Amino acid sequence: FKIDFYFSLIGCVTCLDYDEHYILTFPNGYGRQVNALFGIFILNALSILTVPWIELGGECSINCSKTGYNASIVFHTKPFYGGKKHRITAEIFSPNDKKPFCSIEGEWNGVMYAKYTTGENAVFIDTKKMPTIKKKVRKLEDQDDFESRCLWKDVTYNLKIRDIDAATAAKH
């Protein structure tokens with residue numbers, strides 16, 4: 001596989017064995033932290049003691065112009081009261097079809113289940129059982145100025161040494 005990202009909003013995954021290019025959009029990312037609510041006061045002192053998380057939210061799509069297959073994906077944000085984090089639903093469509101042949105639901109960082117129009121139900125994917133694959137990235141000196149790691153190297157360095165002011169300045 002080869003993966004290219006454009007402006008971090010649209011990506012292209014190329015399946016080299018089949019010469020297929022999949023154009024995909026990405027969800028929004030939100031930094032979340034739980035606030036404790038007592039009466040009409042929000043106790044921010046307690047909220048800094050909770051563990052923040054990144055939440056994905058919004059609609060995405062995956063399209064292959066060669067095959068015509070496409071998918072609509074929704075990353076659901078956690079409701080203020082109740083509900084679960086990391087929920088996802090999706091529908092997969094055959095070329096020129098308006099009704100999906102497969103619907104998916106579950107957690108994007110856990111187990112997703114597929115329901116097919118044939119009536120079959122199955123585990124679509126269990127991300128916790130997937131092996132972690134180390135990224136292959138060219139050395140910084142071999143990257144162009146506007147490649148992501150080269151562009152953000154000063155921000156990354158300053159975040160690692162916990163110098164937030166320098167990291168913020170490096171973004172500008």
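Predicted model only: the values in this text are computed from it and were never measured. (Residues numbered from 1 in each chain as written. Predicted model: local features only at pLDDT ≥ 70, side-chain atom pairs only at ≥ 80, totals over all residues. Heavy atoms only, no water.)

Under the defined criterion, the tally for this structure stands at one salt bridge. Its salt-bridge partner being Glu 147, residue Arg 138 comes within 2.5 Å of it at the nearest N-O pair. (Salt bridge = Lys/Arg side-chain N within 4 Å of Asp/Glu carboxyl O.)

Right, let's get into a nonpolar patch on the surface. Nonpolar side chains collect at one region of the surface, where Phe 146, Leu 151 and Trp 152 lie side by side and expose about 370 Å² of accessible area between them. Among the structural elements, Leu 151 can be located in helix 2 (residues 148-151). On the accessibility criterion, Leu 151 (42% relative accessible area) is partly exposed. (Patch = residues over 30% accessible without salt bridge, like charges linked within 9 Å, V, L, I, M, F, W, Y side chains within 5 Å. Areas by Shrake-Rupley, 256 points an atom, 1.4 Å probe, with all protein chains shown as cover. Helix = DSSP H or I, 4+ residues; strand = E, 2+ residues; numbered from the N terminus. Buried < 20%, exposed > 50% of the residue type's maximum accessible area, 1.4 Å probe, protein only.)

This part covers a positive patch on the surface. Taken together, the side chains of Lys 134, Lys 135, Arg 149 and Lys 160 present a region of like positive charge at the surface. Structurally, the position occupied by Arg 149 is in helix 2. (Lys, Arg positive; Asp, Glu negative; His and termini not counted. Charge placed at Lys NZ, Arg CZ, Asp CG, Glu CD.)

Looking now at the environment of Cys 102. With respect to the helices and strands, Cys 102 occurs in strand 10 (residues 102-107). Accessibility expressed as a relative area gives 1% for Cys 102, which makes it buried. Each C-alpha atom, one on Cys 102 and one on Asn 121, is 9.5 Å from the other, the two residues being 19 residues apart in sequence. The contacts of Cys 102, once residues within four sequence positions are left out, are Ala 90, Glu 91, Ile 92, Ala 114, Lys 115 and Tyr 116. (Contact = heavy atoms within 4.5 Å.)

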